[in-house]
Amino acid sequence: VNMDGLLRIQIDAAINPGNSGGPVLGAHGLVVGVAASHLKNASNIGYIIPTVVLEQFLACADRPGSYLGVASLGIGRVQTLESPALRKGLQLQEDFIGGVR
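Worth saying up front: this structure is predicted, and the values here are computed from it rather than measured. (Residues numbered from 1 in each chain as written. Predicted model: local features only at pLDDT ≥ 70, side-chain atom pairs only at ≥ 80, totals over all residues. Heavy atoms only, no water.)

Caption draft 1: Seen up close, the overall build of the protein chain. Secondary structure assignment for the protein chain yields two helices and six strands. Each of the 101 residues in the protein chain was classed as buried or not, and the buried ones make up 16%. A separation threshold of at least 6 residues defines the contact pool for the protein chain, and within that pool the share at least 24 residues apart is 33%. Total accessible area on the protein chain is roughly 7800 Å²; 58% of this is exposed by carbon and sulfur atoms. (Helix = DSSP H or I, 4+ residues; strand = E, 2+ residues; numbered from the N terminus. Buried < 20%, exposed > 50% of the residue type's maximum accessible area, 1.4 Å probe, protein only. Contact = heavy atoms within 4.5 Å. Areas by Shrake-Rupley, 256 points an atom, 1.4 Å probe, with all protein chains shown as cover.)

Below, the structure written as structure tokens:
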């Protein structure tokens, strides 16, 4: 899931500018998604939008204003507290575990 809550699948194939928007085929030759983006400064790491998300979008395409997006639990942006320096900076106890928003 990216920062906007959109489900994406990471693949080990290059998606270069101009390649996005094309179909991505699975092992059996069926479309599993659409090439969406790549990870900058990394070799052969790309992301696709899976067909389940595309099908949801296309089901609403003929009804203007009806696509509301993808639901999210809203827990993807929790900062973990592994760093002692971060815990100290937030004035938390050393043994504090969990996350903060």
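Caption draft 2: Looking closely at the sheet that holds strand E4 (residues 46-50). Sheet architecture is open: four strands sit in the order E1-E4-E3-E2, paired in antiparallel fashion. Edge positions in the sheet fall to strand E1 (9-11) and strand E2 (23-25), since each of these pairs with one other strand and no more. Within the sheet, the average angular offset between the axes of one strand and its neighbour, ignoring direction, is 45°. For E2 and strand E3 (residues 31-38), the ladder comprises three bridges, and the chain directions are antiparallel. Bridge pairing links Val-24 to Gly-33 in E3. (Pairing = 2+ DSSP bridges. Axes fitted to C-alpha atoms, helices over the stretch in contact; angles between N-to-C directions.)

Caption draft 3: Structural view of the pairing of E3. Count of turn residues in the E2/E3 antiparallel hairpin: five residues, of which Gly-29 carries a positive phi of about 80°. Pairing analysis gives five bridges linking E3 to E4, with the strands arranged antiparallel. Its bridge partner being in E4, His-38 is matched across the sheet by Gly-46.

Caption draft 4: Fine view of the environment of Pro-50. Tracing the backbone through its elements, the reader meets Pro-50 in strand E4. Residue classification places Pro-50 among the buried positions, given a relative accessible area of 6%. Separated by 16 residues in sequence, Pro-50 and Val-34 place their C-alpha atoms 6.6 Å apart.

Caption draft 5: Broad picture of the pairing of E4. Of all the five residues making up E4, four are buried; the element is thus mostly covered by neighbouring parts of the structure. In the sheet, E1 pairs with E4 via three bridges, with the strands oriented antiparallel. Each bridged residue has a counterpart across the sheet, and for Gln-10 the counterpart in E4 is Tyr-47.

Purely spatial values, then, with no claim about function.
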